Every structure is written in structure tokens, then in C-alpha cells.
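# Architecture at a glance
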Amino acid sequence: MNNLDTLNQYGLNNSLPILCGIALIKIEKRGSIDINRKQDFKMLLDEAIKEANFEVLLELKNWITLALSSLDDNVFFDIYNVANRSTALEIMDYFNEVFIGRMFNSRLHAIKSNKTLSKLAISIINLNKNETFLDPVATKDGAWLQILKNNPDQKIILQTVHPLEASFVYLNAKVNQGKNVKIYSQNILTGPKYINERNELIHFDASIAAPPLDLRMSGNLINNSYNLFKYGEVSSTSNDWGFASSVIGSLNENGRAAVFLANGSLFGAGNRKKIRNNILKDDKIEAIISFPERFFVDTSLPINLIVFNNHKINLEDKVLFIDANQPNWIQKEKINNSLKSEGIESIIDLIRNPRDIPNISKIKSINECQDTLMVNKYVIKDHIMLNGQEYNVNLDVLNKRKTIPIKEIADIQRGYNMMSNKEDKNCDLKVLKISDFEEDGSINYAALTGVKDSRNGSLYEYRIHKNDIIFSVRGSLGKAVFIENEPKVPTIISSNLVIIRPKSEMIDFKWLYLYLNPLFTKYFLKRTESGTTVSILTIRDLENLPVLISPKEQQKETVDFYTKKNEQVTELQNKLQKEKDNFKLQLGKMFGSDKVFTEKY
């Protein structure tokens, strides 16, 4: 057990600031720091900050002072005496292990470092000891710290989003004897700080970055200085690619980078898509590696590692997609998952010798992946989990099926994006949501919410009619309802739904609805779904849903078979329900309930 673990009894909120203060004093004073009063500690802290001559340490002082003000003297000295027996390096290693920024209601960390992913990223960029390294969104530890531990002479530039984070970076760099580490504090979206004496942007050989996942910035604060965002306008909803653009823009002509991004970055529309596609067309993306959820302590989201390269050799005009969710690559752990050595070695081998491997990797031309960079769209697996059951998939047979995209036989109408303030139960025009679908495939019209602007004629394009197929494209993907009869009240669909309307006389309405329910469609949805916390099927993906080419007479046979069997099943269900009701009645009589209770007519 680490001696510092005993501090848990005082709460990390109390002990960690004191630990950082002691580490700073040990680093700068390099002598005995025995004290008798809280005031002595404050004086030593002031002297250490003055000695360091690093302005952002004032933020660290404020954090420590705030903790001191709420600490009883006895508790403070208990913490101090335990920590004082450890070296500054031991203190910071412990701090790195236990500290998560969200613990203090701050947004310091979007992703807490995963050492195995950092090791992978370092291997990918293949940094030699004389090259320069940049992390423009540095956190207290991560890949840069592993690089520094391996080579204290490495030339490293770090820029942090938050000044307190810069203080932690400073402490870690110092205790690890970093001789060529420069640290700046400013959000890279508002401008880089790594500028030379001629006011020119410094460019680097390599970079690894994990941008904040949930940072939102007003567009007017984003500064395109030094043309870091040349691939497109960065906004509050596209700043993930803003961070990625800043990394690419900070590389030299042979530079390479590894950047961690969430799923939403790979398929989002608008500015995200514009920036993504411009970077793709500029042939800067070398590989995309997808990882499942639970690889980071403070987010359960799946994550992707995007490999950028300004000097691609093996993959010119191509992108390598790698699905890292392989059983023999990943170590499942209680808190978060990690990569096994076999996984790291296999991925590095694929990066250096790109090739197609069934279930694992696929090379695609940049023209083939303009719509999305989601790995699951390109790496097709021969097994899949559907409805809690795992299936093997015969891809040869599947690929030989004669199908056409559903867009060739049906029109697809998006739903209405209705805000909650537009709802009114008393309005004549109703709106259908996924929650209004009944288990038996019907709709509970009585529970529908009304739409306030019911007189808006443009809303009628969202209206459902007889023989329409209503299909869910967000959340519970693939739920389908067939509209047997024209709704008695005018009803439109919400934005989580679409209307699928056959446009060819050669397609039976009911047959198409039935086709959307078997495993074929569920398999397609699983392969193409996007999203982070909520599953999403884009309209473009839905338009490409493969539909079996089937003659009209075969369609009729299928519908007739379904109708007949469904009637038989319904009849059996009704019979069983009567048997069940009878059984309950007889059971009640055995207890004498018929003597006490009589039905009221």
C-alpha cells in the first residue's frame, strides 16, 4: 500500500491541493521543509512560486489556499506530515493516479489518460529523440509525460486549456527532469502560444492530443490566427475538428499526429462534415482506429484514434480503418478497459503494413468515405450480436443476394423537429413519437400530444396516411409501424421517425413493412448505426438499406402468408387469454371469492 493512500480518510478534495503545494516546495526549495504553522507553509509556497517564475502557478496557489482555509490545523498537519515523507516525484505519481478533474466540479479533463492508448499513440507517431513534440490540449499526464519519462531531453511544447491544468503540467514536467519542456496556458481555439521571435508559428515533427469532449465555445471567440482552421469554419458544434485542425496546422511538412475523437466527430453533419471532408480530400488522414466504450475513467463513450500524416507513403489517397474491438486485443477490467500488448503490436503492424483483414481492417479510397469515417461502416464482421443473441454471418451468401437500395423504390420523409414549448394536448394536429408505439405494432392515438402551430400548412408534409410505414431512426432504431387505416385525427411524425412510402406499383406496401422486421434489416442497422450515447441512423444510410428484389406475386404470397398466420396466432392468443381468465376465476372460487364479490352491471 502506498503511504499516501492513508490520506483518503481526509478526502481527496482536502489532501490533493496540499500535496501539490508540498511537491512544488520540494521542487523549488530542494531542502528541508519542516514547518510548525500553516503560515510557514504559505510562506514557503510563495517563495517556491517566486522561484519558479511561472505566472499560472498563482492559479495553483488559489486552489491550495482555498483548501487550506477549510482545513482544521490538526488535519492539515496530518496530511503534511504524511506527504513530507515522500519525494516530489512520488507525490505527483500518486496525484496523477487518483486525480480526476470532475471531482472538483471543473472541466479540466475531458479524457483521463489511458496508459495503453498513450503507448499505442506514441508507437504510431514513432518519435525519435531529436524530434519536436506538441500537445496543444495538454492535461496533467498522458502521452507527453510518457515521452518525457523515456527521454528527459525531448523537446516538448504543451498548451493547456485551463491555467490550473498548466500548473499540474509544470509539476509533472519538473519532477521528471524535463529539460526542454515549454508550457503555455490558453485554449488553442483562441490562438496558439508557441510563436517564435519573428511572430511565426512553430511547427512540429509530431503531436498527440485528446481534445475535450464537451467543451462549448462561442464562435466569435474562436480565432483563426496562423490559419490553423483552414479546412473550414469552427463553431461551438464543430470544435472537435477545430482542435484536430489546429494539430494538423501545427505540423511540419513531414509531421504526423494521433488525435482521440468521439464517434460524433466521425459522422456529424454541418461544419463538422465540411472540415472532416476537406481534411480527407487533402489526404491528411492515414488511419482511423475505433475502440469500444470504457477506455477512459471519466467517460463511457467509445473513442477513436485518428492518425494524421503530412507525408503519407503507403496509403496515398486511401484511409486504413481498424476495428480494435477484438477479444484478444482488449483487457476487460473493472473500472476501465485497456489494450493488451498483442493489441498494440497488431495495430502497429497494420499501420506499418496496411492491408485488409476480415473482421479487423479495411482500406478504402478517400472518395469512398466522404459521408462518414465510422469504422463499423467499412470493417464488416462475420458475426454480430442482435437482440441479445450472437449470430455468425455468411457474408458470401449475404453479398450474393439480389438487392436494391430502398431509395429506388420508396420515398423517405423526415420527421418534424418539435420543441417541447410547441406541445399542446388540446390542438387538433397531433404528433407521433416512438413512445406512442404499442407492443403489438399499433399506435395509441389517444395519448398523442398536439402541436401548437397546427395551422402552419408546411407541417402537413410530415403527415401520415394510410399504407405509410413509420420507422424510427434515433434511439430504439428500426421500430416500425404500418398504418392500416387513415388516422381519424391529422397526425405528423416527430424528428426521431421517418415515413417510408413506396413509390412503385411493383412494391406491396405491407410486404415492404414486413421486410423491415427480420434479421436482415436489424443486421444492416447494427452495421450502420452512429451516435455516442444515442444510436442514430442517418437518412443517407437509411436510403441505402438493401431491399430484396422480389416479384409482385411473391410479395403477395408473403403478405397472404403473414395475414393468415397472424390471424391464427391472434385467435390462439385470444383463446389462451380466455383460458387464463377462466383459470383465475376457478382459482378465486376455490378461495370463496364468488361468495363475496359479484360483478356490477
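Read on for a plain summary of the structure.

## Examining the overall build of the protein
Within the protein one finds 18 helices and 22 strands. Each principal axis of the C-alpha atoms in the protein carries an extent, and together these give about 90 × 75 × 50 Å. Put simply, the protein has 601 residues, and 49% of those count as buried. Looking at the protein alone, contacts between residues at least 24 apart form 74% of all its contacts between residues at least 6 apart. Carbon and sulfur atoms provide 47% of the accessible area of the protein, an area that totals close to 30,400 Å². Between the centroid of the 78 positive side chains of the protein and the centroid of its 73 negative side chains there is a distance of 2 Å.

## Some details on the side chain of N359
Examined against the element boundaries, N359 turns out to sit in the loop between α12 (341–352) and β11 (361–365). A distance of 2.6 Å separates a polar side-chain atom of N359 from the backbone nitrogen of D382. Among all residues touching N359, those that are not within four sequence positions of it are D323, Q326, V379, I380, K381, D382 and H383.

## Focus on the packing of helix α1 (residues 12–29) against helix α8 (residues 163–175)
Contact pair α1 / α8: the axes reach a minimum separation of 10 Å and the direction vectors enclose 45°. On the basis of the axis angle, α1 is oblique to α8. The interaxial crossing formed by α1 with α8 has left-handed handedness. Along the contact surface, α1 presents C20, L24, I27 and E28, while α8 presents F168, Y170, L171, K174 and V175. In terms of residue class, the contact of α1 with α8 is made up of 7 nonpolar, no polar and 2 charged.

## Quick notes on the sheet that holds strand β20 (residues 491–493)
Strand order in the open sheet made by the 3 strands is β17-β16-β20, with mixed pairing throughout. At either end of the open sheet lies a strand with only one pairing partner, and these are β17 (449–450) and β20. Sheet topology note: the strand β16 (residues 430–432)/β20 ladder contains 3 bridges and is parallel. Paired with L432 across the bridge in β20 is I493.

## Remarks on the nonpolar core
Ranked by size, the top nonpolar core spans 90 residues in total, and within it F41, L60, I289, F291, L339 and I347 carry the most contacts. Ranked by the residues each element gives to this core, the list is headed by α1, at 9 residues. If near-sequence neighbours (up to four positions away) are discounted, L339 is found in contact with T116, L117, L120, F291, F295, W329, I330, I344 and I347. If you look at the next biggest cluster of nonpolar residues, it comprises 44 residues, including I188, A209, I275 and I288.

## Some remarks on the environment of G178
In this fold, G178 is placed in the loop between α8 and β3 (181–185). For G178, a relative accessible area of 25% translates into the label partly exposed. In sequence terms G178 and I156 are 22 residues apart; their C-alpha atoms lie 8.7 Å from each other. Residue contacts for G178: discarding those within four places in its chain leaves L148, P152 and A173.

## Considering the sheet that holds strand β19 (residues 480–482)
Strand order across the open sheet formed by 4 strands is β15-β21-β18-β19, with antiparallel pairing between neighbours. Lying at the two open borders of the sheet, with one neighbouring strand each, are β15 (410–414) and β19. Sheet twist, expressed as the average angle between the axes of neighbouring strands with direction ignored, equals 25°. The sheet contact formed by strand β18 (residues 469–472) and strand β21 (residues 497–502) spans 4 bridges and is antiparallel. Its bridge partner being in β21, F471 is matched across the sheet by V498.

What counts, and where the lines are drawn
Residues numbered from 1 in each chain as written. Predicted model: local features only at pLDDT ≥ 70, side-chain atom pairs only at ≥ 80, totals over all residues. Heavy atoms only, no water. Helix = DSSP H or I, 4+ residues; strand = E, 2+ residues; numbered from the N terminus. Buried < 20%, exposed > 50% of the residue type's maximum accessible area, 1.4 Å probe, protein only. Contact = heavy atoms within 4.5 Å. Areas by Shrake-Rupley, 256 points an atom, 1.4 Å probe, with all protein chains shown as cover. Lys, Arg positive; Asp, Glu negative; His and termini not counted. Charge placed at Lys NZ, Arg CZ, Asp CG, Glu CD. Polar contact = N/O pair within 3.5 Å; in protein donor to acceptor, adjacent residues only side chain to side chain. Axes fitted to C-alpha atoms, helices over the stretch in contact; angles between N-to-C directions. Parallel < 35°, antiparallel > 145°, perpendicular 65-115°, else oblique. Left-handed = near helix turned anticlockwise from the far one by under 90°. Nonpolar A, V, L, I, M, F, W, Y, C, P; charged D, E, K, R; others polar. Pairing = 2+ DSSP bridges. Core = buried A, V, L, I, M, F, W, Y, C linked by side-chain atoms within 4.5 Å.

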